[in-house]
Amino acid sequence: MTENQYSDLFLRNENNPIITYKDLPYRANSVFNAGVTKYNGETLLLLRVEDFRGHSHLTVAKSKDGVSNWRIEEKPTIVPDPLNFPEDEWGVEDARITYLEEIEKYAITFVSYSKKGPLVSLALTEDFKTFERMGAVLPPNDKDAALFPKKINGEWVMLHRPYPGDVPDGAHVHISYSSDLVTWERRKIILKARKGGWWDASKIGLNTQPLLTEHGWLISYHGVRQTCAGCIYRLGLALLDTDNPEIVTHRSDEWVFGPNESYELQGDVGNVVFPCGWLKKNDEIWMYYGAADTSMALAIANYNDVIEEILKYPV
Ligand code: BMA
């Protein structure tokens, strides 16, 4: 841990923003909120790209060092398919990628923007070229979903953020279970938006896919604060029990990352940092985040520093 109490846990990459609309091989408005995984020894991002209708699709980008020389697909990779999946009406957004060791496939949870509101869709892939779309797996309104990489007590487990209107005091992180990845049941709130003056009082939702540590499942989540000048999206951490992720063992009091740089403060939606994935690389955590709903950026933390920080806050 660095001695400087004012230093940030996650340090921004000097090349930030690492991908902007100018790097895309085709015309688009913005590129942000990418899911991330390791694939064939490279870093693979599934970028959210917004077109000039305001609708989004998902496009693969790969890089050997995870920072530069991104090879971005010439055409969109996952496009909205409203003929077969009517829920894709207004686009697909915000992918989270989890490698499911047991079936040796990558699970992609993403938002389909349906006429009835956003919902969670699921697709499986082995190669990021062909995709087995499982369709909508949760009803609207629901988003911010990611799977755990392995079954827990014999079931697949997903975190997500329903906002059906029956949650009068905010939007919270929920957990659901499935035996076949299609039908999800026994939904339960595990992490609640706080109240009043807290930074995460208005709404919260999962950000990055669960990362198994020796202290439990590490997750990051966004906390939204509504101010008279608009919303601020910041990031907090939590640890969930390894064998029963319904149990939140730790939750950071303070946000660990928030909008500060010009590319985070200004853009289509200013004051937003929004990671949809992170990678553990040796003794570091590489967090890829959308900045101001406009570009992609990277921030890196020392793994032990992150663990040390979150362990300060037992629930
Ligand atoms: C959330 C999501 C994100 C977006 C953020 C800020 O509700 O829809 O895709 O980055 O708002 O606009």
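This section reports on the structure supplied with the text.

With that settled, the discussion passes to the overall build of the chain. The number of helices and strands found in the chain is two helices and 21 strands. For 315 residues, the compact-globule estimate of 2.2 N^0.38 gives 20 Å, and the C-alpha radius of gyration of the chain, at 18 Å, lies within 12% of that figure. For the chain, the spread of C-alpha atoms along the principal axes amounts to about 50 × 45 × 45 Å. Among the 315 residues that make up the chain, the fraction classed as buried is 58%. Across the chain, the fraction of contacts at a sequence separation of at least 24, relative to all contacts at a separation of at least 6, is 49%. If you sum the accessible surface of the chain, you get close to 13,600 Å²; carbon and sulfur atoms cover 46% of it. Looking at the chain, you have 33 positive and 45 negative side-chain charges, and the mean spots of the two groups are 4 Å apart.

Taken together, Asn33, Arg48, Asp94, Lys143, Tyr233, Val269, Val272, Phe274 and Asp293 make up the full set of residues near the ligand. A distance of 3.1 Å separates an oxygen atom of the ligand from a polar side-chain atom of tyrosine 233. Burial of the ligand by the surrounding chains reaches 85%, relative to a free accessible area of 310 Å². Residues belonging to the shell around the ligand are distributed by class as follows: four nonpolar, one polar and four charged.

Residue position: histidine 172 is located in the loop between strand E11 (156–162) and strand E12 (173–178). Polar side-chain contacts of histidine 172 include one of 2.8 Å to the backbone nitrogen of alanine 193.

Inspection of the secondary structure puts glycine 54 in the loop between strand E3 (42–50) and strand E4 (56–63). What makes glycine 54 partly exposed here is its relative accessible area of 35%. Measuring from C-alpha to C-alpha, the distance between glycine 54 and alanine 28 comes to 9.6 Å, with 26 residues separating the pair along the chain.

Before going further, it helps to examine the sheet that holds E12. Taken in spatial order, the four strands of this open sheet run E10-E11-E12-E13, and their pairing is antiparallel. Looking at which strands have only one partner, the edges of the open sheet turn out to be strand E10 (142–147) and strand E13 (185–191). Strand-to-strand twist across the sheet, computed as the mean angle between neighbouring axes with direction ignored, equals 30°. Judged from the four bridges that link them, E12 and E13 form a sheet pairing that is antiparallel. Bridge pairing in E13 places valine 173 opposite leucine 191.

On to the sheet that holds strand E20 (residues 284–291). Spatially, four strands are ordered E1-E21-E20-E19 in an open sheet, and the strand pairing comes out antiparallel. Of all strands in the sheet, those with a lone pairing partner are strand E1 (10–12) and strand E19 (273–281), marking the two edges. In this sheet, adjacent strand axes meet at a mean angle of 30° when their direction is disregarded. By the bridge criterion, eight bridges tie E19 to E20 in an arrangement that is antiparallel. Looking across to E20, one finds that glycine 277 is bridged to tyrosine 288.

Below, the discussion takes up the nonpolar core. Counting residues in each nonpolar core, the largest one holds 23 residues, and the members touching the most others are Phe10, Leu218, Phe257, Ile285, Tyr289 and Val306. With sequence-adjacent residues up to four places away left out, phenylalanine 257 is seen in contact with Phe10, Arg12, Arg234, Leu235, Glu264, Val273, Met287, Tyr289 and Ala299. Listed in part, the 21 residues of the second largest apolar core include Val36, Leu45, Val49 and Leu298.

Calculation criteria
- Residues numbered from 1 in each chain as written.
- Predicted model: local features only at pLDDT ≥ 70, side-chain atom pairs only at ≥ 80, totals over all residues.
- Heavy atoms only, no water.
- Helix = DSSP H or I, 4+ residues; strand = E, 2+ residues; numbered from the N terminus.
- Rg over C-alpha atoms; globule rule 2.2 N^0.38 Å.
- Buried < 20%, exposed > 50% of the residue type's maximum accessible area, 1.4 Å probe, protein only.
- Contact = heavy atoms within 4.5 Å.
- Areas by Shrake-Rupley, 256 points an atom, 1.4 Å probe, with all protein chains shown as cover.
- Lys, Arg positive; Asp, Glu negative; His and termini not counted.
- Charge placed at Lys NZ, Arg CZ, Asp CG, Glu CD.
- Near = heavy atom within 4 Å.
- Polar contact = N/O pair within 3.5 Å; in protein donor to acceptor, adjacent residues only side chain to side chain.
- Nonpolar A, V, L, I, M, F, W, Y, C, P; charged D, E, K, R; others polar.
- Pairing = 2+ DSSP bridges.
- Axes fitted to C-alpha atoms, helices over the stretch in contact; angles between N-to-C directions.
- Core = buried A, V, L, I, M, F, W, Y, C linked by side-chain atoms within 4.5 Å.

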